[in-house]
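Each chain is listed here by its residues.
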Amino acid sequence: MHDPTLLSALAVTEGPGLGALNGGTGAELFLPESCAAGFTLGVVFSTTDPLGQVLTASAAVEFAVVSYSTVRSGLQGDPDGSTTQIIFLDGSCTSSPIDPIVTNVVSVGGQTAAASKVFGVITFVPLPGFVRAECNLDGLYDISDGVFLLIYLFLMGGPLGCDDACDGNDDGLLDIADPLFIFTNLFVSGPNPAAPFPACGTDPTADALDCDGSLCP
């Protein structure tokens, strides 16, 4: 299970450990079922060779891979980051009375043993968030953003609250091209600024510019 206010499970797929079974074709049955707060997973290594298809290792083996997405509303406005646990419980994926109860067990050759449950921890690290071209950080994208940047560049204005936000053309530099890009977009239907725009987000482009902290609401 996971905290559904912070995470959403997108997919559960075989890990390399299971993928190596049966000559590389993977487990005979791999049956994940997702629900709002977690997932259940039933796996049968092999029905034709139940004693030959086992996982043995002197170190941890990646059994399954779970892909998560974050729930924006649960993390928005958190400047410090947080942690959440991934826990293993016996039970049903949903509240439906007809759903089978899934237990954390391992069975080989008719012998069943309880699975060793080690909880995981996910740490959320806040990244600098901003709206590109919203240079003066007043919450509006308008002519004042380009003017603010011109004053910074040529009249020793500033300081800038977020260099990345002022990089209007997303070339990794702060120069005259940025206010010109902003004015062209606003007044002569020039191209829109690159992401993150118009919504707040993180910079997908690697460059030397940065923000001191997240400006997302």
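Everything discussed here concerns the structure shown above.
Residues numbered from 1 in each chain as written. Predicted model: local features only at pLDDT ≥ 70, side-chain atom pairs only at ≥ 80, totals over all residues. Heavy atoms only, no water.

Quick look at the overall build of the chain now. What the chain contains, in helices and strands, is six helices and eight strands. Beginning at the N terminus, the succession of helices and strands in the chain can be written as β-α-α-β-β-β-α-β-β-β-β-α-α-α. In terms of C-alpha radius of gyration, the chain reaches 26 Å, well past the compact-globule figure of 17 Å for 217 residues. In terms of overall dimensions, the chain has C-alpha extents of about 80 × 35 × 30 Å along its principal axes. Nonlocal contacts in the chain, meaning residues at least 24 apart in sequence, comprise 64% of its contacts between residues at least 6 apart. (Helix = DSSP H or I, 4+ residues; strand = E, 2+ residues; numbered from the N terminus. Rg over C-alpha atoms; globule rule 2.2 N^0.38 Å. Contact = heavy atoms within 4.5 Å.)

With that settled, the discussion passes to the pairing of strand 7 (residues 111-114). With four bridges connecting them, strand 6 (residues 105-108) and strand 7 associate as antiparallel partners. Note on strand 7: the bridge partner recorded for Ser-107 is Thr-112. (Pairing = 2+ DSSP bridges.)

Look at helix 4 (residues 143-154) against helix 6 (residues 177-187): their axes get within 9 Å of each other, and the N-to-C directions meet at 165°. With respect to their mutual orientation, helix 4 and helix 6 come out roughly antiparallel. The two elements helix 4 and helix 6 cross, and the hand of that crossing is left-handed. On helix 6, the residues that touch Ile-143, Gly-146, Val-147, Leu-149, Leu-150 and Leu-153 of helix 4 are Asp-178, Pro-179, Ile-182, Phe-183, Leu-186 and Phe-187. Across the contact of helix 4 with helix 6, the residue classes break down as ten nonpolar, one polar and one charged. (Axes fitted to C-alpha atoms, helices over the stretch in contact; angles between N-to-C directions. Parallel < 35°, antiparallel > 145°, perpendicular 65-115°, else oblique. Left-handed = near helix turned anticlockwise from the far one by under 90°. Nonpolar A, V, L, I, M, F, W, Y, C, P; charged D, E, K, R; others polar.)

Another aspect to go through is a nonpolar patch on the surface. Residues Ile-143, Val-147, Ile-151, Phe-154, Leu-155, Ile-176, Leu-180, Phe-187 and Val-188 make up a contiguous nonpolar surface patch of roughly 870 Å² in combined accessible area. The greatest single-element share of the nonpolar patch, amounting to four residues, is contributed by helix 4. For Ile-151, the location among the structural elements is in helix 4. Since its relative accessible area comes to 38%, Ile-151 is described here as partly exposed. (Patch = residues over 30% accessible without salt bridge, like charges linked within 9 Å, V, L, I, M, F, W, Y side chains within 5 Å. Areas by Shrake-Rupley, 256 points an atom, 1.4 Å probe, with all protein chains shown as cover. Salt bridge = Lys/Arg side-chain N within 4 Å of Asp/Glu carboxyl O. Buried < 20%, exposed > 50% of the residue type's maximum accessible area, 1.4 Å probe, protein only.)

This part takes up the state of the cysteines. Per the counting criterion, the structure on display carries two disulfides. Two residues, Cys-135 and Cys-166, share a disulfide whose sulfurs are 1.9 Å apart. One disulfide, between Cys-135 and Cys-166, carries an S-S torsion of 85° and so falls in the right-handed class. Of this pair, Cys-135 sits in the loop between strand 8 (120-124) and helix 4 while Cys-166 is found in helix 5 (residues 163-166), placing the two residues 31 residues apart along the sequence. Both residues of the pair, Cys-135 and Cys-166, count as buried. The disulfide that involves Cys-162 links it to Cys-211, with 1.7 Å between the sulfurs. Taken together, the residues span a long stretch of sequence, with Cys-162 in the loop between helix 4 and helix 5 and Cys-211 in the segment after helix 6 at a distance of 49 residues. (Disulfide = S-S within 2.5 Å.)

Moving on, we get to helix 6. All of the buried residues in helix 6 are Asp-178, Pro-179, Phe-181, Ile-182 and Asn-185. Mapping the buried residues of helix 6 onto a view down its axis gives an arc of 155°, with all of them on the same face. Contacts from the buried residues of helix 6 go to helix 4 and helix 5. (Arc of directions from axis to C-beta.)

Residue pairs three or four apart in sequence face the same way in an α-helix, which turns once every 3.6 residues. In this model, helix 4 (twelve residues) spans 17 Å end to end at C-alpha, consistent with the 16 Å of a helix rising 1.5 Å per residue. Buried residues of helix 4: Asp-145, Gly-146 and Leu-149, and no others. Projected onto a plane normal to the axis of helix 4, the buried residues spread over an arc of 95° and lie on a single side. On its buried face, helix 4 sits against helix 5 and helix 6. Looking one or two residues beyond helix 4, the residue adopting positive phi is Met-156, at roughly 55°. (Expected span 1.5 Å × (residues − 1).)

These figures capture arrangement, not role.
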